[in-house]
Each structure stands twice: as C-alpha cells, then as structure tokens.
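Summary of the model geometry
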Amino acid sequence: MTDVTGVPVAPVDVLHTLFHSDQGGHEQVVICQDRASGLKAVIALHSTALGPALGGTRFYPYASEEEAVADALNLSRGMSYKNALAGLDHGGGKAVIIGDPDRIKSEELLLAYGRFVASLGGRYVTACDVGTYVADMDVVARECRWTTGRSPENGGAGDSSVLTSFGVFQGMRASAQHLWGDPTLRGRKVGVAGVGKVGRHLVEHLLSDGAEVVVTDVREESVRAITDLHPEISVAVDTDALIRTEGLDIYAPCALGGALNDESVPALTAKVVCGAANNQLAHTGVEKDLADRSILYAPDYVVNAGGVIQVADELHGFDFDRCKAKATRIFDTTLAIFARAKADGIPPAAAADRIAEQRMADARRH
C-alpha cells in the first residue's frame, strides 16, 4: 500500500480494527475501485439496526488509504448515534472518496461511485458531505436510487446545510437555557470557526437572535463573503486566536473534526461548545477535560443532525416544514442529554451515547 505520493506505507489492518478494536463493530466495509475513472472509495456500514444506513459521501485528499479507511469507520459509527438520537429509522453509514475533488472529480467517477452504492441494494443511502454537493448527488442518482441531497429539480430537498445550521442554533439555545436559564443568545458573544456552507447560515441565525459574532476561516473568501454582508461581525486571524477571544460565551467549531484536543481545551475562554463539525472530540477523555473546566459541551452529532433529518425526509417526499419541525426538537433532545448527564454524573457526550445505544439495542431485540 502506498500514500498519495506513491511512497510505501504500512497496510491497513482493517480486519483487526473491525473485529477487535473499540472503533470496530461495523457490519460491512466495502472497498471500491474503478480504474477507468480513477475512483477509489470506502463505504462503511456501522449499523442497520434501526433501518438502512444513512450518511454522506466525503470527497477528500487523504494522505493515505489508511487514513481514509479510519475516517470512514469513525464517521459511519458517528452516523449510527446521530440517526438514533435524531429519531430516524436509519442506521449509520458513511463513504469516502479518496482524492482532491478539484482535480479528479468527474461525471464518470461519480457515476462509477453510484453503481457501487446501488450494488448494496438499499443497505446504504448516500448524501452530500465535505467535498460533495447537490449537483454531484444528481449525477450519482442517475445510477443509484438510494441517493439523497439532490436538487429540487431532480426530486430532492436541495442544500442540507440550511437545516444543519438551524439544528445547531437549537442546540445553542438549549445550552443557553441549561447554563444561563434563558434560551436567547441576545448579548452573548459567539465564535464561529468555519463559515462555509453551514457556518454561514449559523451566523445569520445568531445575528437575528441578537448575538455578537466573531468568525474565522482558512478561506479568506469565505470570511470576506460574510463580512461584506454583515460588517458588524468581528474577525479572528485563526482558530487559535478565536478560542482565546476575551469574553467569548460560546465556541462553535464548524469546520473539520478534532477541534477539541489537548491544546485547544485548556485555551478555551468560552463556557459552551456547540458547533456543526463532526467528531469534535480528538480522543476519548477530552469530554472529561471539558467537564473539569466547567465547559458545557453539546454533543456534535446531536446538534448537527438537522441535515440528516432533511435528507432522510427526501426518501418519503420532501416537506420542508415537516423537517424543520423535527429539527426544532433538537432543542428538547439537547436539554434531555444535559439532564441525563447531570443525573448520571457523567459528561454530556457519554450521556448522549447511552441514550443512542439504548435505542439501537431496543431495536435489535424486536
């Protein structure tokens, strides 16, 4: 096995990971290759206890195939928990396509990927994720009926970031209710790291609710786009500066995962972490570090479930109002997790896991 530069690296011990490690427990992992189009992909199905596995397709230039497999396993497991707590009749799955989408993405590659998803016969339902968009799902859908996140013109719901951001906003409101006794964010200073598809919409919700907003993003054009619309927004030079902002009430990681780690947690000035990014906890134990600092953590897979609620609804004939009503319940779900955490004397992330695991276990017994 080689990395993307062709340098030999150690092979992926997929079987050991699946059968013996804490990150395992997956029902099925599919390695896909189509040499004609350059497609190399991994589809991981963690659980179908609640129904067909549902999760997006990430298109990313991984440093190695090992990293890609690890990401697929981690993300698909997270989708099982996310879908369970969102109240969906879906298990968890995720796919990753290896490569730079700006360089290798093509119609031929997406069609080949669609054929692989279709070969699973409905056990996996795909959608958008980092590096894939509505237009891409329209192409995939030409070969695969189990495709969501399509354009309205092609029978889909369109951009799922709209309800993803709305759900995160509900999670923030619940966090404010739990910590400060009031669900409004008026007068609160909120730092948003990543103002792409989801972060941009989240900023709009925050401003409408009267919050003071500070943003940062690795893409200067993304920062410029939001500050041109809202010049009252403050800008931090990078995430490191953002998390140290004086007077910050809430930190919202909305880019890639691993934002909460051994370096960032001790530096946080915020009392709440609630954002859209997946897999924010860099490793086991970070949730305890947050609790030890009296920082309230709203579990990422709970508050960012608005998007998966939207794409799941697409399978039944999309109704935006019905989806928004379901996403609004993220407020109540988040409060219930905080209550369970307090009752059990555990961090909110552990409480959320317990609730999700119970729902999946109950489904297996029936």
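Structural data are supplied above this passage.
Residues numbered from 1 in each chain as written. Predicted model: local features only at pLDDT ≥ 70, side-chain atom pairs only at ≥ 80, totals over all residues. Heavy atoms only, no water.

Concerning the packing of aromatic side chains
The following threshold applies: Here a Phe, Tyr or Trp ring, Trp counted by its six-membered ring, pairs with any other such ring whose centre lies within 6.5 Å, and the pair is stacked when the planes are under 30 degrees apart, edge-to-face when over 60, and tilted otherwise. When a residue's accessible area, from a 1.4 Å probe over protein chains only, is under 20% of the maximum for its type it is buried; when over 50% it is exposed; and in between it is partly exposed.
Under the definition given, this model contains three aromatic pairs. With a centroid separation of 5.1 Å and an interplanar angle of 70°, the aromatic rings of Y60 and Y62 are classed as edge-to-face. Arranged with centres 6.4 Å apart and planes meeting at 75°, the rings of F318 and F320 form a pair that is edge-to-face. You can call F318 partly exposed: its relative accessible area is 27%.

Quick look at the pattern of salt bridges
The condition is simple: A pairing counts as a salt bridge when a side-chain nitrogen of Lys or Arg comes within 4 Å of a carboxyl oxygen of Asp or Glu. Segments assigned H or I by DSSP are reported as helices when at least four residues long, segments assigned E as strands when at least two residues long, and all are numbered from the N terminus.
With the rule as written, the count across this model stands at 19 salt bridges. A salt bridge links R123 to E27; the shortest N-O distance between them is 3.4 Å. On the criterion of sequence distance, the pair formed by R123 in the loop between α4 (107-118) and β6 (124-125) and E27 in the loop between α1 (14-20) and β1 (28-34) is long-range, its members being 96 residues apart. Its salt-bridge partner being E314, residue R150 comes within 2.9 Å of it at the nearest N-O pair.

Some details on the pairing of strand β2 (residues 39-47)
As a reminder of what qualifies: When DSSP locates at least two bridges between a pair of strands, those strands are taken to pair.
The element β2 is largely enclosed, with a buried count of eight among its nine residues. Sheet topology note: the β1/β2 ladder contains seven bridges and is antiparallel. Its bridge partner being in β2, D34 is matched across the sheet by L39. The antiparallel pairing of β1 with β2 creates a hairpin that spans four residues between the two strands, and G38 there sits at a positive phi of about 90°. Across six bridges, the pairing between β2 and strand β5 (residues 91-98) is antiparallel. Counterpart to V42 in the pairing with β5 is V96.

Considerations on the packing of helix α6 (residues 161-180) against helix α7 (residues 197-208)
Working note: a packed helix pair is described by the angle between its axes plus the distance between those axes. Selection criterion: In this description, a line fitted to the C-alpha atoms serves as the axis of each element, helices being fitted only across the stretch in contact, and the angle between N-to-C directions of two axes falls anywhere from 0 to 180 degrees. The cut-offs work like this: below 35 degrees is roughly parallel, past 145 is roughly antiparallel, 65 to 115 is roughly perpendicular, and the gaps in between are oblique. Take the far helix as your reference; a near helix turned counterclockwise from it by less than a right angle gives a left-handed crossing, and one turned clockwise gives a right-handed crossing. Any pair of residues with heavy atoms lying within 4.5 Å of one another is described as a contacting pair. Under the grouping applied here, Gly and all other residues not named as nonpolar or charged are polar, the nonpolar ones being Ala, Val, Leu, Ile, Met, Phe, Trp, Tyr, Cys and Pro and the charged ones Asp, Glu, Lys and Arg.
The interhelical angle for the contact between α6 and α7, taken along N-to-C directions, is 50°, at an axis separation of 8 Å. Considering the angle they form, α6 stands oblique to α7. In the crossing of α6 with α7, the sense of the turn from one axis to the other is right-handed. Here S161, V162, T164, S165, F166, V168, F169 and M172 of α6 lie close against α7, whose contacting residues are K197, V198, H201, L202, H205 and L206. Looking at the contact of α6 with α7 residue by residue, the classes come out as eight nonpolar, five polar and one charged.

Considering the environment of P183
Checked against the element boundaries, P183 lands in the loop between α6 and β7 (189-193). What makes P183 partly exposed here is its relative accessible area of 22%. As for P183 and F331, which are separated by 148 residues in sequence, their C-alpha atoms are 9.5 Å apart. When residues no more than four places from it in sequence are discounted, the contact partners of P183 are R173, A176, Q177, D209 and F331.

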